[in-house]
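Chain by chain, the residues:
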2 protein chains.
Amino acid sequence: MKTAGIVGGLGPEITAQLYTSLIEEARKRGHETYPHIIIDSIPLLFRLDSEQIGRGKNEQIMLELLTNSIKILEKAGVDFIAIPCNTVHCFISELQEQTKVPILNIIDETIDVAIKNGVKTLGILATTETRKTNLYEDSAKHKGIGVVAPTESEQSEIEHIIYKILNQTHTAEGSKFLYRVAENLVERGADAVALACTDLPLIYDLSLSPVPVIDSVIALRDAILRELGEDY
Amino acid sequence: MKTAGIVGGLGPEITAQLYTSLIEEARKRGHETYPHIIIDSIPLLFRLDSEQIGRGKNEQIMLELLTNSIKILEKAGVDFIAIPCNTVHCFISELQEQTKVPILNIIDETIDVAIKNGVKTLGILATTETRKTNLYEDSAKHKGIGVVAPTESEQSEIEHIIYKILNQTHTAEGSKFLYRVAENLVERGADAVALACTDLPLIYDLSLSPVPVIDSVIALRDAILRELGEDY
């Protein structure tokens, strides 16, 4: 039986949601046993700001926390690792160099789901840091599809909303703003919009979305179940 | 910084609830960082029956799953281990013999909370297996308080309700029955009633309880935070 490793705590709400969603989906698919999952929930600061997760002045602290987590999961004996946070995927090459355990790439998985759904141009709802590092642009280009990004002022408001989610001060207005931006992205050429930050599904209700959506958390969950194999 | 290890998946809903509750409580208490938590979610069978968790014909399988989990958490470097399931505490001595990492005892922690709350006699809502192994009776006796247990027919229905929770087929009638048994326990001398099975809080609404309740999951959560220490 295979074992999945998850770098958790980025943030904890989405870690818990991914975990329960893995269980529910495994049950739905008719598996006989629960999947074997090891979660390492890292000791991040409670009050996150935009300088703490991605590239920038706190890069070394973040990279050290992630490397430590990957080493812990490796020691625990996992067969592969998933990191439910798009932004920190800017470190994925450095992290993969630290271990022989394969690390799934949430960005590639999300783009693959989009392609499977016939998407030619994907709108991106992500942190400013994810946007800056061109994670989605590079993967999409490599896989032959286009991306459409929010305007600068929309992006600045999205960033604000994401940090409100992380600090548990988000409002219904935030959700409504995201639906409007998603519509704008489709008006500007997107066939679907990616929730390319794992915190967004916490306030972006798929049933209220005015446009088709690809959820990066679900893309990662399905990749984990695929890697666990049919009989785990 | 200390690291908490959790043997998860018994069942997953309560594992996720304990995890998010640890985070929320740490935030509420004003900690600067999230606690460092490693969860090993074990590959139990989806369709549990009463012979799979405690003593009996599947004892060796269960003991092997738990021992394996404890070894994984030990390798991952945790400072102590918590097991959010009362029933499997019948194996706690055997498990503690397998590792130098201290394992918290949810039963002792629950009894301690009851005593701190001035309880002299505690009513027990638990699995039949937990009742059979006298886990609460022995700990309560040792700590100088009494226990009151449900009648045989009440116990048989409680068991039925717990396995409905595990198999996700529980109904509102189940909750109402538990409130009635809790009242009966108080009528028969209990000052408070312990939710002595970690699955019960999933359908026992504390705000609807007709009598004072001690929740074993909260007792374990507070013990984990205590062991992590003030600054973790």
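Here, residues in each chain are numbered from 1, in the same order as that chain's written sequence. Here the convention is simple: chains get letters from A, ligands get numbers from 1, in the order in which they are written. Reporting in this predicted model follows two pLDDT cut-offs: at least 70 for local features of residues, and 80 or more for side-chain atom pairs to be given and counted; totals over whole chains, interfaces and linings ignore these cut-offs and use all residues. Remark: hydrogens and water are excluded; side-chain values derive from all non-hydrogen atoms of the structure.

Help me understand the interface of chain A and chain B, please; the structure alone is not making it clear to me.
Size of an interface: often given as the accessible area lost when the parts come together. Listed as interface residues are 35 residues of chain A and, on the opposing side, 34 residues of chain B. Looking only at chain A, the three residues that lose the most surface to chain B are R27(A), Y34(A) and F46(A), adding up to 28% of its buried area. In the analysis that follows, any N or O atom pair within 3.5 Å is treated as a polar contact, provided that within protein one partner can donate a hydrogen and the other can accept it, and provided that, for residues neighboring in sequence, both atoms belong to side chains. Here chain A and chain B share nine residue pairs in polar contact (both at pLDDT 80 or more) between them. Numbering of helices and strands runs from the N terminus, with a helix taken as a DSSP run of H or I at least four residues long and a strand as a DSSP run of E at least two residues long. Those elements that provide at least two residues to the side of chain A that touches chain B are α1 (12-28), β2 (36-41) and α2 (59-76) of chain A. When residues of the side of chain A that touches chain B are assigned to their parent elements, the largest contribution, nine residues, is made by α1(A). Charged residues are taken to be Asp, Glu, Lys and Arg, nonpolar residues to be Ala, Val, Leu, Ile, Met, Phe, Trp, Tyr, Cys and Pro, and polar residues to be all remaining types, Gly included. Of the residues assigned to the side of chain A that touches chain B, the class counts are 20 nonpolar, 10 polar and five charged. Strand pairing is assigned whenever DSSP identifies at least 2 bridges connecting the two strands. As paired elements, β2(A) and strand β2 (residues 36-41) of chain B share five bridges and run antiparallel to each other. Bridging across to β2(B), D40(A) finds its partner in I38(B). Two residues qualify as a contact provided that any one of their heavy atoms is within 4.5 Å of a heavy atom in the partner residue. Throughout, the accessible surface (probe 1.4 Å) given up by two parts as they are put together, summed over both, is called the buried area.

Help me out: how do you make sense of the sheet that holds strand β4 (residues 121-125) of chain A in this one?
Strands pair in a sheet through their backbones, by hydrogen bonds, and they do so in one of two ways: parallel or antiparallel. Residues and elements named next belong to chain A. Read across the open sheet, the four strands follow the order β5-β4-β6-β7; overall the sheet is parallel. Each edge of the open sheet carries a strand with a single partner, namely β5 (146-148) and β7 (213-215). Taking each pair of neighbouring strands and ignoring which way they run, the sheet shows an average axis angle of 35°. Bridge count between β4 and β5: three bridges; the pairing is parallel. Here, axes are lines fitted to C-alpha atoms. For helices the fit covers the stretch in contact, and angles between N-to-C directions go from 0 to 180 degrees.

How should the pattern of salt bridges be read in this particular structure?
If the charged atoms of two oppositely charged side chains come close together, the side chains can form a pair. One side-chain nitrogen of Lys or Arg within 4 Å of one carboxyl oxygen of Asp or Glu is enough to make a salt bridge. One pass over the full model with this rule turns up 24 salt bridges over all chains. Among the ionic pairs, D222(A) bridges to R29(A), the shortest N-O distance being 3.1 Å. One end of the pair, D222(A), is in helix α9 (residues 216-228); the other, R29(A), is in the loop between α1 and β2, with 193 residues separating them in the sequence. Residue classification places D222(A) among the partly exposed positions, given a relative accessible area of 28%. In this structure, R188(B) engages E154(B) in a salt bridge whose closest nitrogen and oxygen atoms are separated by 3.9 Å. With R188(B) in the loop between α8 (172-187) and β6 (192-195) and E154(B) in helix α7 (residues 152-166), this residue pair connects regions lying 34 residues apart in the sequence. Three exposure classes are used, based on accessible area relative to the maximum for each residue type with a 1.4 Å probe and protein chains only: buried under 20%, partly exposed in between, and exposed over 50%. By relative accessible area, R188(B) is classed as partly exposed at 42%. Judged by relative accessible area, E154(B) falls into the buried class, the value being 10%.

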